[in-house]
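# Residue-level structure breakdown
Chain by chain, the residues run as shown.
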Amino acid sequence: MRRPLVAGNWKMHGTRASVAELIEGLGQLALPVSVDVAVFPSSLHIAQVIGAFEGSAIVVGAQDCAQQPQQGALTGEVASSQLLDIGCSLVLVGHSERRLLLGEDDEVVCRKFAAALHEGLTPVLCVGETQQQREAGNTLEVVGRQLSAVVEQLGVAVFARAVVAYEPVWAIGTGLTATPQQAQDVHAAIRAQLAAEDAEVARGVRILYGGSVKAASAVELFGMPDIDGGLVGGASLNADEFGAICRAAGS
Ligand code: PEP
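Residues numbered from 1 in each chain as written. Predicted model: local features only at pLDDT ≥ 70, side-chain atom pairs only at ≥ 80, totals over all residues. Heavy atoms only, no water.

### Section: the side chain of Glu 129
Here Glu 129 is to be found in the loop between strand 5 (122-127) and helix 6 (131-135). Using a relative accessible area of 0% as the deciding quantity, one classes Glu 129 as buried. A distance of 2.9 Å separates a polar atom in the side chain of Glu 129 from a polar atom in the side chain of Tyr 166. Glu 129 has contacts with Arg 134, Thr 139, Val 142, Val 143, Tyr 166, Glu 167, Pro 168, Val 169 and Trp 170, leaving out every residue within four places of it along the chain. (Helix = DSSP H or I, 4+ residues; strand = E, 2+ residues; numbered from the N terminus. Buried < 20%, exposed > 50% of the residue type's maximum accessible area, 1.4 Å probe, protein only. Polar contact = N/O pair within 3.5 Å; in protein donor to acceptor, adjacent residues only side chain to side chain. Contact = heavy atoms within 4.5 Å.)

Here's what the structure looks like:
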């Protein structure tokens, strides 16, 4: 039985004051014990959030890491070893905003995935197709390629220590959500692709859905057999809404 995970990606949002408010709101939520909950603040606010959630069930991740795990001469980057040192336990890799706006290709994503694992952090591999790719009927091919880039480089066994997030690009921040069936079809294909290499790894890996998830859409999405929770952007900046999404994953 896979334990659901709901992860809030705060992206490039927040000031010390607004983050403190969000922490306070999240601290007041009654979160379901059957659900893992993680938040991914901007790297500026990671220490603030980790300090505030010490001893709480909410774990903290980073939105990105450098391709090399060790510290070094790489201006502006943050190494996975530094993220571990500060208390992070997860890292997003391959978010579409980084793939499309910052030019990260599968090779870079793969190296970041490996750097996270090297330090014992859990990589959350984001995959997903653009609107154009979906309309051309290429969704499964695109997602399959993003997944196999990691499987081919690092082997399928790494997915025993990772999470996958299916995030259709056309649904991110647009208010459009994949229907539960559209999402389930892709999640099932991701699991089948991994199962072709290792059935046990495929059974155990958590596959999150991301793309304009709201409390109102969460129950149906999380009710699908291969959807193991959500990666939530905009709605995770509102503690009450995020709490409701977490409860949906526990229902
Ligand atoms: C995301 O960026 O990971 C995301 C899913 O964003 P949103 O929920 O705002 O679509």
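### Regarding the site of the ligand
Close contacts around the ligand come from 14 residues, with Lys 11, His 95, Glu 167, Gly 173 and Ser 212 the closest. Lys 11 has a polar side-chain atom sitting 2.6 Å from an oxygen atom of the ligand. In this structure, an oxygen atom belonging to the ligand sits 2.8 Å away from a main-chain N or O atom of Gly 234. Contact with the protein chains covers 96% of the free accessible surface of the ligand, which is 290 Å². (Near = heavy atom within 4 Å. Areas by Shrake-Rupley, 256 points an atom, 1.4 Å probe, with all protein chains shown as cover.)

### Re the packing of helix 7 (residues 139-154) against helix 8 (residues 180-195)
Interhelical geometry of helix 7 versus helix 8 gives an angle of 35 degrees and a closest axis separation of 10 Å. The interaxial crossing formed by helix 7 with helix 8 has right-handed handedness. Contact residues: Thr 139, Leu 140, Val 143, Gly 144, Leu 147, Ser 148 and Val 151 in helix 7; Val 186, Ala 189, Ile 190, Gln 193 and Leu 194 in helix 8. (Axes fitted to C-alpha atoms, helices over the stretch in contact; angles between N-to-C directions. Left-handed = near helix turned anticlockwise from the far one by under 90°.)

### Thoughts on the packing of aromatic side chains
Any aromatic ring pair is given by two values, namely how distant the centres are and how the planes are angled relative to each other. One pass over the structure, following the stated rule, counts two aromatic pairs. Plain terms: the ring middles of Phe 113 and Phe 159 are 5.5 Å apart, the flat faces sit at 55 degrees to each other, and that makes the pair tilted. With a gap of 46 residues between them, Phe 113 in helix 5 (residues 106-118) and Phe 159 in the loop between helix 7 and strand 6 (163-166) connect regions that are remote in the sequence. On the accessibility criterion, Phe 113 (0% relative accessible area) is buried. (Phe/Tyr/Trp six-rings, centres within 6.5 Å; stacked < 30°, edge-to-face > 60°.)

Limitation: the analysis is restricted to geometry and does not speak to function.
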